[in-house]
Structures are given as C-alpha cells and as structure tokens.
2 protein chains.
Amino acid sequence: MEMDYKAVIDTQQLSAIRNESLIHYDKERKEFEKIIYDSIEHGPFLDVDSTTQKRLTNEIVKKVMAMGRFRVQLLREDPKKLLSYLHALFPSLDLSPIAKIVIHLQLFGGTILEIGTEQHHKRYFDDINNYKIVGGFAMTEMGHGSNVRQIETTATYDHSTKEFIINSPSLTSTKFWIGNMSMFGTHVVLFCRLIYKGEDKGVHVIVTPIRDPETLTVYNGISIGDCGHKVGWNGVDNAWIRFSNYRVPRENLLNRYATITEDGEYISKLSSPSKLFQITISELVFGRMLYVCGPIQYLGIALKASIRYAFSRRQFGEKGKTEELIMNYPTHYRILLPMLAQNTAFEFARNWVIDNIQESSKSEEKREEFHAIVSGIKAMVTEFAIVALSRLRVMCGGNGMSSHNLLGYMRNELDVFQTAEGDGAVLYQQLSKYLMVEYKRWYKKEGMTGYIKKEVQSFLVTSNPIYTHYRSMPYLLSNEFHQHAFSFRFEKTRSMVIEQLNQTKAKGLTFQQSWNASLILVAELAKAYTHLHTLECAHRAVRKCSDPITRHVLNDLIKLYALHNIEQDFGFFRNTNFLSSGKAVAISEAVTSLCQTLKPYALSIVESINDFEGRLDIPIGKSDLDYITHMARKVGIPLQKHA
Amino acid sequence: MEMDYKAVIDTQQLSAIRNESLIHYDKERKEFEKIIYDSIEHGPFLDVDSTTQKRLTNEIVKKVMAMGRFRVQLLREDPKKLLSYLHALFPSLDLSPIAKIVIHLQLFGGTILEIGTEQHHKRYFDDINNYKIVGGFAMTEMGHGSNVRQIETTATYDHSTKEFIINSPSLTSTKFWIGNMSMFGTHVVLFCRLIYKGEDKGVHVIVTPIRDPETLTVYNGISIGDCGHKVGWNGVDNAWIRFSNYRVPRENLLNRYATITEDGEYISKLSSPSKLFQITISELVFGRMLYVCGPIQYLGIALKASIRYAFSRRQFGEKGKTEELIMNYPTHYRILLPMLAQNTAFEFARNWVIDNIQESSKSEEKREEFHAIVSGIKAMVTEFAIVALSRLRVMCGGNGMSSHNLLGYMRNELDVFQTAEGDGAVLYQQLSKYLMVEYKRWYKKEGMTGYIKKEVQSFLVTSNPIYTHYRSMPYLLSNEFHQHAFSFRFEKTRSMVIEQLNQTKAKGLTFQQSWNASLILVAELAKAYTHLHTLECAHRAVRKCSDPITRHVLNDLIKLYALHNIEQDFGFFRNTNFLSSGKAVAISEAVTSLCQTLKPYALSIVESINDFEGRLDIPIGKSDLDYITHMARKVGIPLQKHA
C-alpha cells in the first residue's frame, strides 16, 4: 500500500529550484559542513545548564572561526558565500553558534565596515577574522528596544583629552541583551548619543573596548552581567552593560558619515542626525535576511520530519484491519499540506531576498524598497514558523513531546526571531509606510485620471456578478484567479487604509494619531502585499521547472498555498464582496481536493528539503520511516529481536 | 495620566465570581499554600539539567506528601478539596510536582479505588497516602497512544501457580511515557491484555510491582529506562518499561468488574470486554478536569503579567512627548483584551466542570454527557492557551524572551496538556459523537414533524433579510444576538455534518470511512458546541454579579468574547448567510469599540486574577508596574540611585 506514495517526481530538480539562490555555493558549503562535523563535537544542547552551554558554544565558535572561512570582507565581496557558510553550521539545529558568529562578524564587523573608515578597517579586520577580538553590538537598552532612536547612553566629547566620556545616565539606559558580551566579548560597537559642546548630536557609533583580549578582565568604569536564562539561544552570552565615566579615544568614533577632526571640530556629511541613524540601521538588512532564512529552513526540516512521521504512525481504523496511517485523516493532511505549501512559497520569496541583497545596495531607492519588502517577509515568516512548529509538535503527539525529535527545541530556538531585528508590529508598519509613499508618488505622477481609471477598473472587475459567482473548478484553480485575488486584497486594503486615515484625520487627529488608530489595517496591508509578492515569486519558480510532473506537482502546491490563504481570509474576501458564498464553499472544496491530490507526492516533495547529508538526527523523521526503532535507539531500549 | 486606568470595579467580587467553584476551600488552600512555601525551597526550574530536576522534584513531592493532606479517598469524598490542595502547589508555576502527585494519587490510586475492590483498598491506600510506595499508570505504549484499546502487553494466566505472566511481545508494546517510573516508582497499574486459557479477554488492569520500595532495586524480568528530555515537565521521571516473563500474583488483578476466582474461573460482570475498557477510561475524567484547570490558570497569570507590562512599557510616540504606552496601540489592546475576554469566559466553563464532577458520577447518562463536554473544553482550552502564550511572549518583546518572565517556560510546561489525556483531534470526535447520538435520540422521540419544525424555524429566523441585515449597535451588542449566533453555528454545523455523512454514505463508504472523511467538520461541530456551552456558563456568571459597575464590565468582557469569536469565524457566518457584509463590518467595529471601552478597566480586571498572595515572581507583572527595577534586580544590576 505504501508503494502508492512513491509517486515519481524529480526531487533533485525540485531541490535545485527550492535552493536556487545559493545553488552555486552548494559544493563549497557541503565541504565546509563536512569539515565542521568531522572535527567538532556538536549537536543540539538539550539538557545542560546555560553556563555550560555558553562555554561549550564558545569553544565551537573558536574552532569554526579558526578554519579561516569567515571574513568580514565577505559581507561586501560575496554575501551569498557568507550566507552559505552560515548554512554549513545548520545541521546541529543549534542556533547559538550561528548567532555568535553573526553578532561578531556581521553586526560588529559589518558596522565597522559600513560606518567606519579605512583606518578602522585596518585596525580591526584581521583581529576580527582571527577571532583575536570578540565583538558585540551594543544598541538596545532596558527601556529602548524597537525605538532605538531614544537610547540614552551618552558619549560626551572631552576636547582636552580628545576622548569620549561614556555614561549610563539612568537605569533604563542600561545596555541590555548585548550578545557575546557577558562572558567572552572584548569590544562592542556602542550606540550612544554624542554630546558635543553641550549639544546632543544624536545617535553615533563608537568602537568601545570592554575586556582585555588577553586576560578577559573587564575594564574599570564598566559594570557587566549576564541577562539570565532565555527561551532559546542559551549558548549566547547576552549581557547588560553600564558605563560610568568610561573613556574612549576620539579615533574610535566610526566616522564615515560624521566625524570629529583632530582639531576637535564636529563635521557631519549628512543633512540631519536622523539621516545618520537611518543609514546605520539600514546596514542591519543582512541580519534581517538571516531572519528570513532561519525560520523557513527550520520549518522545512520540521515539516519533513512530521510528514514522514504521519506516513509511519498508525492509530485507529476499521475493526480487524491494520490501523490507519495518521496521514490519511483530514485532521492531518488538511493541515500538513497547506503548511508545506505555504513554506514552499516562502522559500521562493526568500530566494528573491537572497538574490537581491547585493543589488539592493546600489541605490538609495533600491535599498529602501528592498528594506521594506524584507521587513514584511521577516515579520510574516517568523510568526508563521512559530505557529506552525507549535502545531507540528501537537500533531506528532507524545513523540513530539520528546526533545529527541526537536520540535519544541526548534520552536524555542526560533522564538527570538519574532523579536530581534524588529518586532512584527513595527516591521509591518515599515513596509506599509513604504507602500503608501510609493502610492502617493504614483498618484502624483498619474494624477486624478489615472486614479479614477484604476479604481473604476477594479470596481468593474470585482462587482461584476458573473465574476463574483463564476466558480468552475478550472477557474478557481487557475493561477490567474489567485493572482487576481491577491492583487485585489492588496489594492482594496490600501484604499481602506487611505479611507480610514482620511476619516480619522477629519476628526482632528494628528497624522501620527490617525496612523496609530489604523494599525490593524496597516498591518493587514503589509501582509497582503507580502503574500502577493510571495505568490509572484512562487509563480516564477514554477515556470523554471522543466520536468513536467515535477512542475505540475509544484504548481499544485502553490495553488494550494494560494487557495488556502484565501480560505483563511474568507472574512475579508466575503465582506468586500469579492467572493460569493457559493464560490467560497467551492474554494474550501478545492483546498481539500488539492490536499488529496498532493498527498501521494508528499514524501517525495519533502525528500527535496535539505537534510544536510543525513546529519540531522530526528528519530521520527528518518527516510526509512521506522520511527519506533529510531526512538528505541535514542532512549536505550535494547534492540534484540522481539517475538 | 495613569490614574485614568484605575477605574473602580469591585475586584474582590469579580475574583469571587471567577473562582466560585472552589471559593469555599479558599481559606484551607491558602493555609496549605503558606505551609508549603514557608517550608519548601521551590520555584520554577529554569536552568538545571533534567536529572537534577527530577531529584529535586522528588524531594519536593516527598515533603508535600508528608504533610498528610493528599489522600486517595478524597477523590470520592471531596474532589473539590483535592483540587484546591493541588492549586496550593501552583505558585511555583512548575507543573512537575503537581503532575507527580496526580500520577501517584489519582491515576495510580484512583484506578485502584475505582477498578479495584476492598482488599486492594486495604492493601494499598495507607502506603499510597504515606508515599511509602510510589505509583505509576502504565497505559500507553510506543505504538499505542490515543488508541489504547490496541495495546499489546500481555498477562497470561498461569493456573498452576495462580499468577499472571507478563510480557512485552514486540518493540511497539514497550510501555512508554510512564510517569514517576524511571527513577523513583515502585508500582504501576498495568494496562494489559488478559490471556485466559489461550483466549484474549481484552484490556485489564493489574497492580504490578516494579521496584523494591526499600532499595529501589528493579525486579528481575523488568527492564526500564528514562524517556529522555522533554519539551516540559522535566521534573517528572517518565519511563519506558519492558516485561519478560514477569510474574504477578492473581490477587493483583483489579477485579471490581472482572475477576479470576481462587479456583481459576474468569468471571466478568460486564456485557463485553470493551465495556470494561470504557469504564476504566471514564475514570480518567478527574485528570481531564485538571487539564481544563491548568491552561486557564496559567494563561490568566500570563495575561495579568502581560497586561501590566503593556501599561508600563512605552515605545514611540509623538515627537517631543513621552513615549506612548504600548497598551494604547491597537496592535496591543485589540489582541490582549479579546484574549482576556476569552480566557475569562473559559473560567466560567471550567467552574461548570468543577461543579459537576461529583454529580456526574451518579448515573451512566450524566457520566457520558459530562465526559463529552469536558473533552471538548479540554481540547479547546489547551490549544487556545498555547497559541495565546506564544503570542504574549512576542507582545512582551525582549522581556518576553527572558526566562525570568516565565512566558516561554509556561508555554513549554503547558504544551503536553494538548497531548496527554487525549489529543484534541480525538477529543473533539468524542464530543461530536455524543452530540450526534443525542440528536438521534431527540429526533426519534420528536419524529419527522419535530425535525421539520425545528429546521423551518431555523430557516425562517436566519434567512429573514431584516434579521440578516439589521445591525443597530445595541442589537449587535446584545447577549441575545450572541446566544443566537452561537446556537445557529452549532445547529447549522450539525446539519452540515449530517449532510456530509449522508453524501459520503451514498457513495458507498462505511460509516467509519465517511466519519473520517468528515473529520474537519466533526471538529467544527464540537468547537461550536463548546463555545455555545461556554457562552451560556459566562452569561449565568454575569447575572450573579451584584455590584453594578462590576457586572457591567464583566458583561462587556463576555460580549467582547462573543463578538470577537464571531469575527474570527466570519468565513462561516458569511458563507451560511447568517451575516450580511455590512453587519460583519459593524461587528468588527463593535469589537474595536468594546476593546477601547474596556481598556481603562483592564488593570482592575486582571487584579482579580489570583496571584497567590504575591508569591509569583514575574518581574514584568508586578502590581507597581515598575518592570525596569524588577528586571534589574533579577539580573543583578546594582540599584543605587542613577543620575
């Protein structure tokens, strides 16, 4: 019977399309991966106290850095290569070593690269690449997370000694969550307000030594401690840091955009302090890209394991017959397959992100667009992955509760992705603001005629009763319909946001107040755009698939994503009269039917998800589907022949 | 400005209504709680390896049991008192000690109480109450979780020695997840197939010694090991157990319903082996009740902390002004308040459960009804709580990532609630099956006329255009409308299930097949009923509130639950033409408006959630709202005056 499920698709081609953006680095990544896993004792830390985990993690990072592949310069020269190297650390599913390297190399080193000048590069890059110094990124404070612009730490310039005097003026100004710094870090890039001749010049960045690199003794004037146990990432030593009249030389100011000359003159190349801040923050986009990659990769692995388990675990069934595979219950397949579909679609959006990161730095305009779109994707995938992982945990029952199967562990490791590098509520606003500004530009260019033309066209298309009610299966299943529904949702939500902003403005609210009052709709707009963008990326990927059966299956998977997404949002589509109730019901039926069509291919589809040459050790997720034996091995049940 | 939020409601009355079902035990519970926390070093285990945690947890349990309050007999004499005592262990938010006591006292002791006879009670109860023996509940096996009926462990009766010979005939028959047994347990109630004169008599329960109570040496013929690290409950020593020709005397069979006489004759008082199984399983209902209490209690605590945090944390705002409280953003209040509303409604459903547990054992009919309803509530609240806790974690940002604030910890501790004592997908089916059988009974009694009358009535009410479109605010806000919407959803879903079962049956499927094909709808039916039941419990509770402002606020909170629930289910209500699009939009507006109305009362409302005389130590959730100082204290930041 299981033979039915071995329907043949070209898993290699599917795998290549999934991982298209990094495919050229595959060989190099695999080599590096092999070196790491052959030489370093590694694996998820399930059952050690966090102090031990921090020490062990630091040892791993030291060894990996000593291999010489990770270099700050890669951030500019070849960010895809850097990303591929980071992927080589993935098979342990332990995110702490990756996090520590990213903090050190990209957040610390990358800030010096982008905001510093030649002298800083010369002074620090070799030591960073050799891990002689260990860097941190001291931005957030106890009272200031999302709103970094309000940080309180001060650096007052002392003309007499040509030094900055750094202070933490309040409890809320305590630097908090500073990764790498509670045990091992030697330097941070410190985000602080520059006080120059009594004037607040806004947020600047200063390379600030914290510990002696030889002895790891903390310098006088600094107090530091550990932030304590966390939901995940317990291998990362996060610190709180306070400064009291701590002195740092003038040269340590990262001065690409604003500097203090040897004569003590402050010169800024930028129009305003907030511009400097914007540029500084936009450098974080590489990190945000990692926050797109991580959840999708993790969830893919979890889906692979859970779907394999669903094809091996049996419960209940007809009397006197073998119990039924749990995959055959709609309560399983109608959840697992749409989840797989959505994650696959997100993979294509991720590939778009990876493919555009280098290009995006080429102009202000592109940088802005890229930053906005990545923000939306980051917010959406991080939220989706946590909800999905929680659900998979439950769908794997008792075996999901076992840490050996890593579902709870992965959820906890991934949880911080929703918060770090921007909370979803804030990121959705960033995308929506960008979309509204873009719309205003278009509106100005096209003028009222263009606007009316567009509105009328949209009105005609969606209010046409034939259009609303026409519901032949082929039409509902067509990519054209899905594209249209997603576009409609985006444009309609945009006009709803405009309407709501106008209404609240008419009541006398400030723009900020009326924007805040509309936040729910603003977030919906960002989500609608992100889904539209994702669908477009996915449709492009389908077209690249040359093997006919594989293309068909992938196309069905993307259709499932689209229709399930519409189903999830029936409230919107029905309330805006885009769908009749009959059409809505037909869509639900199409979702079920697509799930049933795809079920026999599910094992082959997940085969194409990278499991790092079998290095992942998840007992319920092995290719032989023999979860009983693998679990028995894990918990030490003797495997002699049982009667 | 914060003064606005101190709107006066009678928090004591609100607290009393919330906890009505156990209010008479409050004094005793508090006394016990004080004794426990004065004499036992306790608190959540955030950062120890699981072996250490198991040892420490066992010490706690020993000390608590030595206090003499926990007795098996309470299960019958006064289950509410037992439940109150269990609540006294809550302030640590560590569920392992509670779990260990429940496994020992209720699952082990309670099974002996209900399935055993006088001789067993005499032999074991004192030792159980004194914790001289430590019990476990050996039901689930590696291959058999939800479907216990298929367990494989055998007990073959040996007439010559008057003993059972116990064997684990296959790898899948290995007992798995057996709590209390990997390190400290001495006995289990063993669920196994009785083989009598070569015939399989079905599942029976035998008290089976595992370890010598003095030396804790495992007896020959038994192999045992630990199941390994888990997502939560790492203080519980869960074991796998295998038997090889292990002998247990005849007297150990729990023989209330089926026995083997001294002469070796097998006598069953029941019609069929499956009847015995049903009775055995229905004894688990006390445990299922705990699985209703736990998530609601936990989520209440998490909501209290998160809402207090939202009223203290500030981010962003108008230029030049103090930053805005995050509670004032719709992205916060329009999520937090509906969540609080739903959990409050669930509290009233829980009170119904607690109030009915003793009554329910009085007849087969009542037992069945109670069991079915509790199943639905258990499935719904466990799922809701995990999703909500995950969301709260994110809404508390970086402070949510800190284990000190316990949100991730609580999520992990609670996760197993979704799986143990019945997976949601299975429990929803149990309730729906009960509802369908009930309906069939009614249908038979009333006949076709009654059926048509009911259908026509429902049709007239819901298809009346005035009804569908009438949407004055007062009407949408009326309890009558909410009750009607919830009833409609339940009845409509039931008729949809019947229709789908008939359709699939017409295609030639067996009943089992067509039931399985309808599982999504079947689950929806159970959910619709559970929400209806919850709403009714909540409306009754509101009426008990004598203080007018408090009643008003509570009533609004329940309205918010109802309307938000309808909003979440717009797909259903719109597709069944219960709501016009205009009415749907008005409902969304009403939800927002209710949130804004309730916001000033939110702090007072959460004040009425039990925090165990301040024993809970959650830095972001303190009544003074000074999370910065409390977090600083937790992580060791010096608290001298800062400039």
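The rules behind each value
- Residues numbered from 1 in each chain as written.
- Chains lettered and ligands numbered in written order.
- Predicted model: local features only at pLDDT ≥ 70, side-chain atom pairs only at ≥ 80, totals over all residues.
- Heavy atoms only, no water.
- Helix = DSSP H or I, 4+ residues; strand = E, 2+ residues; numbered from the N terminus.
- Rg over C-alpha atoms; globule rule 2.2 N^0.38 Å.
- Buried < 20%, exposed > 50% of the residue type's maximum accessible area, 1.4 Å probe, protein only.
- Contact = heavy atoms within 4.5 Å.
- Areas by Shrake-Rupley, 256 points an atom, 1.4 Å probe, with all protein chains shown as cover.
- Lys, Arg positive; Asp, Glu negative; His and termini not counted.
- Charge placed at Lys NZ, Arg CZ, Asp CG, Glu CD.
- Buried area = accessible area lost by both parts, 1.4 Å probe.
- Salt bridge = Lys/Arg side-chain N within 4 Å of Asp/Glu carboxyl O.
- Axes fitted to C-alpha atoms, helices over the stretch in contact; angles between N-to-C directions.
- Parallel < 35°, antiparallel > 145°, perpendicular 65-115°, else oblique.
- Left-handed = near helix turned anticlockwise from the far one by under 90°.
- Nonpolar A, V, L, I, M, F, W, Y, C, P; charged D, E, K, R; others polar.
- Pairing = 2+ DSSP bridges.
- UniProt positions renumbered as here; feature names shortened; annotations may be inferred.
- Polar contact = N/O pair within 3.5 Å; in protein donor to acceptor, adjacent residues only side chain to side chain.
- Core = buried A, V, L, I, M, F, W, Y, C linked by side-chain atoms within 4.5 Å.
- Expected span 1.5 Å × (residues − 1).
- Least-squares fit on C-alpha atoms with pLDDT ≥ 70 in both.
- Domains from an automatic or database assignment.

**Q** Help me get a handle on the overall build of chain A, residues and values and all.
**A** Check the secondary structure of chain A and you find 24 helices and eleven strands. On C-alpha atoms alone, chain A measures out to a radius of gyration of 27 Å, which is about the 26 Å that the 2.2 N^0.38 rule sets for 643 residues. Dimensions of chain A, computed from the C-alpha atoms along their principal axes, are close to 85 × 80 × 40 Å. The 643 residues of chain A split such that 62% are buried. Restricting to contacts in chain A with at least 6 residues of sequence separation, those with at least 24 account for 76%. Total accessible area on chain A stands at roughly 24,400 Å², and carbon and sulfur atoms take up 52% of it. Distance from the positive charge centre (76 side chains) to the negative charge centre (69 side chains) of chain A: 3 Å.

**Q** Any details on the interface of chain A and chain B? Residues and values, ideally.
**A** Interface size is commonly expressed as the accessible surface area that is lost when the partners come together. Across the boundary between the two partners, chain A contributes 85 residues, which contact 85 residues of chain B. Counting each side, the surface lost to burial between chain A and chain B is near 7,200 Å², with a carbon and sulfur contribution of 58%. Our count for the chain A to chain B interface comes out at four salt bridges. The closest approach of N and O atoms between aspartate 415 of chain A and arginine 393 of chain B, which form a salt bridge, is 2.8 Å. Here the side of chain A that touches chain B gets six residues from one element, more than from any other, and that element is helix α24 (residues 627-635) of chain A.

**Q** Requested: an account of the packing of helix α19 (residues 519-543) of chain B against helix α20 (residues 548-568) of chain B, with residues and values cited.
**A** All names here are of chain B. Direction vectors running N to C along α19 and α20 enclose 170°, while the axes themselves pass 10 Å from each other. It follows that α19 is roughly antiparallel to α20 by the angle criterion. Here α19 and α20 pass one another in a crossing that is left-handed. Across the interface between the two elements, His531, Thr534, Leu535, Ala538, His539 and Val542 from α19 touch Arg551, Leu554, Asn555, Ile558, Tyr561, Ala562 and Asn565 from α20. Looking at side-chain class alone, the contact of α19 with α20 contains seven nonpolar, five polar and one charged residues.

**Q** Before we move on, can you summarise the sheet that holds strand β8 (residues 239-243) of chain A with the specific residues and values?
**A** Residues and elements named next belong to chain A. Pairing is antiparallel in the open sheet, where three strands are placed in the order β4-β8-β7. One side of each edge strand has no neighbouring strand; the edge strands of this open sheet are β4 (175-178) and β7 (222-226). Averaged over all adjacent pairs, the angle separating strand axes in this sheet is 25°, with direction ignored. Strand direction decides the pairing type here: β4 and β8, joined by two bridges, are antiparallel. Across the sheet, isoleucine 178 pairs through a bridge with alanine 239, a residue of β8.

**Q** Account for the side chain of arginine 411 of chain B, naming residues and giving values.
**A** Looking at the element boundaries, arginine 411 of chain B is found in helix α13 (residues 407-415). Apart from the residues lying within four places of it in its own chain, the contact partners of arginine 411 of chain B are Val231, Ile386, Arg411, Asn412 and Asp415 of chain A together with Ile386, Leu389 and Ser390 of chain B.

**Q** Any chance you could break down the UniProt feature "binding site: FAD" (unreviewed entry) in chain A for me, citing the residues and the numbers?
**A** Residue and element names in this part refer to chain A. The positions that UniProt labels "binding site: FAD" (unreviewed entry) are, in the present scheme, Thr140 and Gly179. Annotated residues spanning 40 residues; largest pairwise C-alpha distance 10.6 Å, indicating a single compact cluster. The residues touching threonine 140, leaving out its near neighbours within four places in the chain, are Gly145, Thr174, Lys175, Phe176, Trp177 and Ile178. Within the structure, the side chain of threonine 140 is placed 2.8 Å from the backbone oxygen of phenylalanine 176, a separation counted as a polar contact. Turning to its location among the elements, glycine 179 is positioned in the loop between β4 and β5 (187-196).

**Q** Break down the nonpolar core for me, citing the residues and quoting the values.
**A** Formed by 444 residues in total, the largest nonpolar core has its most connected members in Phe70, Met410 and Ile566 of chain A together with Phe70, Met410 and Ile566 of chain B. Ignoring sequence-local partners within four residues, the contact set of phenylalanine 70 of chain B consists of Phe32, Val64, Met65, Leu82, Tyr85, Leu86, Leu89, Ile101, Leu105 and Asn129 of chain B.

**Q** So what's going on with the UniProt feature "active site" (unreviewed entry) in chain A? Residues and values would help.
**A** All names here are of chain A. The sites that UniProt annotates as "active site" (unreviewed entry) are Glu421. One can find glutamate 421 in the loop between α13 (407-415) and α14 (424-463). Using a relative accessible area of 17% as the deciding quantity, one classes glutamate 421 as buried. Setting aside chain neighbours within four positions, we find glutamate 421 in contact with Leu107, Leu284, Gly287, Arg288, Tyr291, Lys378 and Leu427.

**Q** How would you sum up unusual backbone geometry? Please name residues and give values.
**A** Both trends apply: most residues other than glycine have a negative phi, and most peptide bonds are in trans. A positive phi angle, near 75°, is found at asparagine 180 of chain A, a position not held by glycine. Its location among the elements puts asparagine 180 of chain A in the loop between β4 and β5. Unlike most non-glycine residues, lysine 197 of chain B shows phi in positive territory, near 50°. Considering the arrangement of structural elements, one finds lysine 197 of chain B in the loop between β5 (187-196) and β6 (199-209).

**Q** Give a detailed account of helix α17 (residues 479-506) of chain B, specifying residues and quantitative values.
**A** If you check α17 of chain B, its first and last C-alpha atoms are 40 Å apart, about what 28 residues at 1.5 Å a residue would give, namely 40 Å. Immediately beyond the C-terminal end of α17 of chain B, within one or two residues, lies glycine 508 of chain B, with a positive phi of roughly 95°.

**Q** Got a sec to walk through the pattern of salt bridges? Specific residues and values, please.
**A** Here the idea is simple: oppositely charged side chains can pair when their charged atoms come close. Taken as a whole and assessed by the stated rule, the structure comprises 69 salt bridges over all chains. Here arginine 411 of chain A and aspartate 415 of chain B are joined by a salt bridge, their closest N and O atoms 2.8 Å apart. Note that arginine 411 of chain A is positioned in helix α13 and aspartate 415 of chain B in helix α13, a pairing that runs across two chains. Classification of arginine 411 of chain A by relative accessible area gives buried; the value is 0%. Between glutamate 524 of chain A and lysine 527 of chain A there is a salt bridge whose closest N-O contact spans 3.7 Å. In this pair, glutamate 524 of chain A and lysine 527 of chain A are both assigned in helix α19 (residues 519-543), three residues apart and thus about one turn of the helix distant. Since its relative accessible area comes to 26%, lysine 527 of chain A is described here as partly exposed. The network of salt bridges with common partners includes Asp26, Arg29, Glu33 and Arg615 of chain A.

**Q** Which residues make up the relation of the copies chain A and chain B, and what values go with them?
**A** Rotating chain A by 180° and translating it 0.0 Å along the rotation axis places it on chain B, where the RMSD comes to 0.0 Å. The superposition of one copy onto the other is thereby described by a two-fold rotation axis. Minimal C-alpha separation from the rotation axis in chain A is found for glycine 571 of chain A, amounting to 2.5 Å. A symmetric contact is evident, with 100% of the interface residues of chain A recurring at the interface of chain B.

**Q** With reference to specific residues and values, describe the sheet that holds strand β4 (residues 175-178) of chain B.
**A** All names here are of chain B. Strand order in the open sheet made by the three strands is β4-β8-β7, with antiparallel pairing throughout. Looking at which strands have only one partner, the edges of the open sheet turn out to be β4 and β7 (222-226). Strand-to-strand twist in this sheet, taken as the mean axis angle between neighbours without regard to direction, amounts to 25°.

**Q** Mind laying out the domain arrangement of chain A, listing which residues take part and the relevant values?
**A** Domains assigned within chain A are domain 1 (135-271) and domain 2 (425-602). Placing a centre on the C-alpha atoms of domain 1 of chain A and another on those of domain 2 of chain A gives a separation of 44 Å.

**Q** Summarise the environment of histidine 87 of chain A; cite the residues concerned and give the values.
**A** Mapped onto the elements of the fold, histidine 87 of chain A is located in helix α5 (residues 79-87). At 3.0 Å, the side chain of histidine 87 of chain A and the side chain of glutamine 297 of chain A are in polar contact.

**Q** How would you summarise the side chain of serine 478 of chain B if you had to cite specific residues and measurements?
**A** Within the secondary structure, serine 478 of chain B is located in the loop between α16 (473-477) and α17. Exposure remark for serine 478 of chain B: the relative accessible area of 18% places this residue in the buried category.

**Q** I'd like a rundown of the packing of helix α6 (residues 95-115) of chain A against helix α7 (residues 118-129) of chain A, residues and numbers included.
**A** Residue and element names in this part refer to chain A. The interhelical angle for the contact between α6 and α7, taken along N-to-C directions, is 165°, at an axis separation of 10 Å. One element, α6, and the other, α7, form an angle in the roughly antiparallel class. As α6 runs across α7, the sense of the crossing is left-handed. Judged by residue contacts, His104, Leu105, Phe108, Gly109, Ile112 and Leu113 of α6 engage His120, His121, Tyr124, Phe125, Ile128 and Asn129 from α7.

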